[in-house]
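Here are the chains, one letter per residue:
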Amino acid sequence: MTDQPAHDDDLLRRSQEAIDEAKTAAADMVEPDEDDLIDEDLPVADDAEPADGPAPAP
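As the structure is a prediction and not an experimental result, all values here were calculated from the model.

1. Looking at the overall build of the protein chain
No. 1: The helix and strand inventory of the protein chain stands at two helices and zero strands.
No. 2: Looking at the protein chain residue by residue over its 58 residues, the buried ones come to 2%.
No. 3: Approximately 6000 Å² of the protein chain is accessible, and the part contributed by carbon and sulfur atoms is 54%.

Written out as structure tokens, the structure is:
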């Protein structure tokens, strides 16, 4: 005998629906225009990739 619980198709379906709704909501998100953020004195996200280490010495 195994210790695995019985499959619950209804729970699986509801979980997948919740995931699909979250993906849809995330896709609908729109980033504000950087100029609007600057005008409101709010921080602007930096799209630069993180460095692998410290900056080289001058």
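Structure's up, so let's keep going.
2. With respect to a negative patch on the surface
No. 1: Taken together, the side chains of D33, D35, D36, D39 and E40 define an acidic patch exposed on the protein surface.
No. 2: Secondary-structure assignment places D39 in helix α2 (residues 34-39).
No. 3: Residue D39 is classed as exposed on the basis of its relative accessible area, which comes to 64%.

3. Structural notes on the pattern of salt bridges
No. 1: Counted by the stated rule, this structure contains three salt bridges.
No. 2: Here D10 makes a salt bridge to R13, at a shortest N to O gap of 2.3 Å. Placement of both D10 and R13 in helix α1 (residues 9-27) is noted, with a separation of three residues, approximately one turn of the helix.
No. 3: Linking E17 and R13 is a salt bridge whose minimum nitrogen-to-oxygen distance equals 3.0 Å. Placement of the pair is E17 and R13 together in helix α1, with a separation of four residues, close to one helical turn.
No. 4: On the basis of relative accessible area, R13 is assigned to the partly exposed category, the value being 42%.

Rules and cut-offs
- Residues numbered from 1 in each chain as written.
- Predicted model: local features only at pLDDT ≥ 70, side-chain atom pairs only at ≥ 80, totals over all residues.
- Heavy atoms only, no water.
- Helix = DSSP H or I, 4+ residues; strand = E, 2+ residues; numbered from the N terminus.
- Buried < 20%, exposed > 50% of the residue type's maximum accessible area, 1.4 Å probe, protein only.
- Areas by Shrake-Rupley, 256 points an atom, 1.4 Å probe, with all protein chains shown as cover.
- Patch = residues over 30% accessible without salt bridge, like charges linked within 9 Å, V, L, I, M, F, W, Y side chains within 5 Å.
- Salt bridge = Lys/Arg side-chain N within 4 Å of Asp/Glu carboxyl O.
- Lys, Arg positive; Asp, Glu negative; His and termini not counted.
- Charge placed at Lys NZ, Arg CZ, Asp CG, Glu CD.

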